[in-house]
Amino acid sequence: MNRNYELMFIVRPDMVDEDLNKLISTLESSVTSAGGTTKTEVWGKRRLAYRVGRFNDGIFVLMLIDGVGAVVHELERRLRVTEPVIKFLTVRTDEELKRLDKIKKIRDSKKKASATPAATAASATPATAEAGTETPASAPV
Amino acid sequence: MAEETKAPTAHAGSSGGESRPERSGGDRPERSGPRGPRPGGGPGGPREGGRKYFRRKKVCKFCVEKIEAVNYKDVRLLAQFVAESGKITPRRLTGVCMPHQRRLSRAIKQARNIALLPFAGRAQ
């Protein structure tokens, strides 16, 4: 059963781009070989909120993973043995995404419901013009 | 406005623990005109200084602004609900509703783990 995960990890700030790309590609290949898909965003160098080891900043990388749980297990093992990685965090997001989808759907349906009366009012221009003249007269009352 | 001037005197006049039920009973019906919603959800309660007594309607920022995704990556949003010491601001000060507070606190804890927010003290 495929699930969505977000894996964020921090590598030491003095890591060269080349090595970072190599690391990311190896991680990605380990996901794809297990039948998952990934999308990687490199946030770049950022200040850490607190010191980790002897580092005050690090390069943040975010991987969006779609795959089975074993994939995450393997990735975490790899990250643990990879020296330059100073921190990582995995969050399962499929339930949250489902929930957001549901809310969005409800909101969209509400928007449509509110949009349709406005559309009909716009198409019937004489009716709105009449209503426009009528409201100032009725306002004092 | 009448309520605002009246409330402190009532508070000062009735001393001791008995004042509590009396005050809440007396004030409730007068609270008809809705005061504007509390801007933002940042820390800092309604109490300012000494004995001033304000009753301001607190609303959940997430409900009002329809923010559904409370995510650990959104540091700017989470930082509004973290006190200067790094603590999560309690709900009674920010007015966040319980469902959102649960998500919020989870997100803050995740952000702490990945060094986006400090565990204690200010971010360096």
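The structure under discussion appears in the preceding block.
Cut-offs and rules
- Residues numbered from 1 in each chain as written.
- Chains lettered and ligands numbered in written order.
- Predicted model: local features only at pLDDT ≥ 70, side-chain atom pairs only at ≥ 80, totals over all residues.
- Contact = placed C-beta atoms within 7 Å.
- Nonpolar A, V, L, I, M, F, W, Y, C, P; charged D, E, K, R; others polar.
- Axes fitted to C-alpha atoms, helices over the stretch in contact; angles between N-to-C directions.
- Helix = DSSP H or I, 4+ residues; strand = E, 2+ residues; numbered from the N terminus.
- Parallel < 35°, antiparallel > 145°, perpendicular 65-115°, else oblique.
- Left-handed = near helix turned anticlockwise from the far one by under 90°.
- Pairing = 2+ DSSP bridges.
- Buried ≥ 20, exposed ≤ 12 C-beta atoms within 10 Å, placed from the backbone.
- Expected span 1.5 Å × (residues − 1).
- Arc of directions from axis to C-beta.

Peer 1: How should the interface of chain B and chain A be read in this particular structure?
Peer 2: Interface size is commonly expressed as the accessible area that is lost once the parts come together. With 12 residues of chain B at the interface, the matching set in chain A holds 13 residues. Tallied by class, the residues present in the side of chain B that touches chain A amount to 8 nonpolar, 3 polar and 1 charged.

Peer 1: Would you mind showing me how to read the packing of helix 1 (residues 17–33) of chain A against helix 2 (residues 69–81) of chain A here?
Peer 2: Two quantities define a packed helix pair, namely the angle between the axes and the distance from one axis to the other. Residues and elements named next belong to chain A. At their nearest, the axes of helix 1 and helix 2 sit 9 Å apart, and the two run at 155° to each other. Of the possible angle classes, the one that applies to helix 1 and helix 2 is roughly antiparallel. Every pair of crossing elements has a handedness; the one defined by helix 1 and helix 2 is right-handed. Contacts from Leu 27, Ser 30 and Val 31 in helix 1 reach Val 71, Glu 74, Leu 75 and Arg 78 in helix 2. Grouping the amino acids of the contact of helix 1 with helix 2 by side-chain chemistry returns 4 nonpolar, 1 polar and 2 charged.

Peer 1: How do you make sense of the sheet that holds strand 4 (residues 85–92) of chain A when you look at a structure like this?
Peer 2: Residues and elements named next belong to chain A. On the basis of which strands lie adjacent, the open sheet formed by 4 strands has the order 2-3-1-4 and antiparallel pairing. Whereas interior strands pair on both sides, the edge strands pair on one side only; in this sheet they are strand 2 (37–52) and strand 4. With direction set aside, neighbouring strand axes in the sheet form an average angle of 20°. Across 9 bridges, the pairing between strand 1 (residues 3–11) and strand 3 (residues 55–67) is antiparallel. Each residue of the ladder has a partner; that of Tyr 5, found in strand 3, is Ile 65.

Peer 1: I'm lost on the environment of Asn 56 of chain A in this one. Help?
Peer 2: Residues and elements named next belong to chain A. Structurally, the position occupied by Asn 56 is in strand 3. What makes Asn 56 exposed here is the crowd of 12 C-beta atoms within 10 Å. Along the chain, Asn 56 and Arg 12 lie 44 residues apart, while their C-alpha atoms are 9.3 Å from each other.

Peer 1: Please clarify how helix 6 (residues 98–113) of chain B should be interpreted in this entry.
Peer 2: Within an α-helix, residues lying three or four positions from one another point in the same direction, as the helix has 3.6 residues per turn. Residue and element names in this part refer to chain B. In this model helix 6 runs 23 Å from its N-terminal to its C-terminal C-alpha over 16 residues, within 8% of the 22 Å that 1.5 Å per residue would give. Residues His 100, Gln 101, Leu 104, Ala 107, Ile 108, Ala 111 and Arg 112 constitute the buried set of helix 6. Mapping the buried residues of helix 6 onto a view down its axis gives an arc of 140°, with all of them on the same face. Exposed residues lying more than 90 degrees from the buried face of helix 6 are Met 98 and Pro 99. Elements in contact with the buried residues of helix 6: helix 3 (61–64), helix 4 (75–79) and helix 5 (91–94). Of the residues one or two after helix 6, Ala 115 is the one with positive phi, at around 65°.

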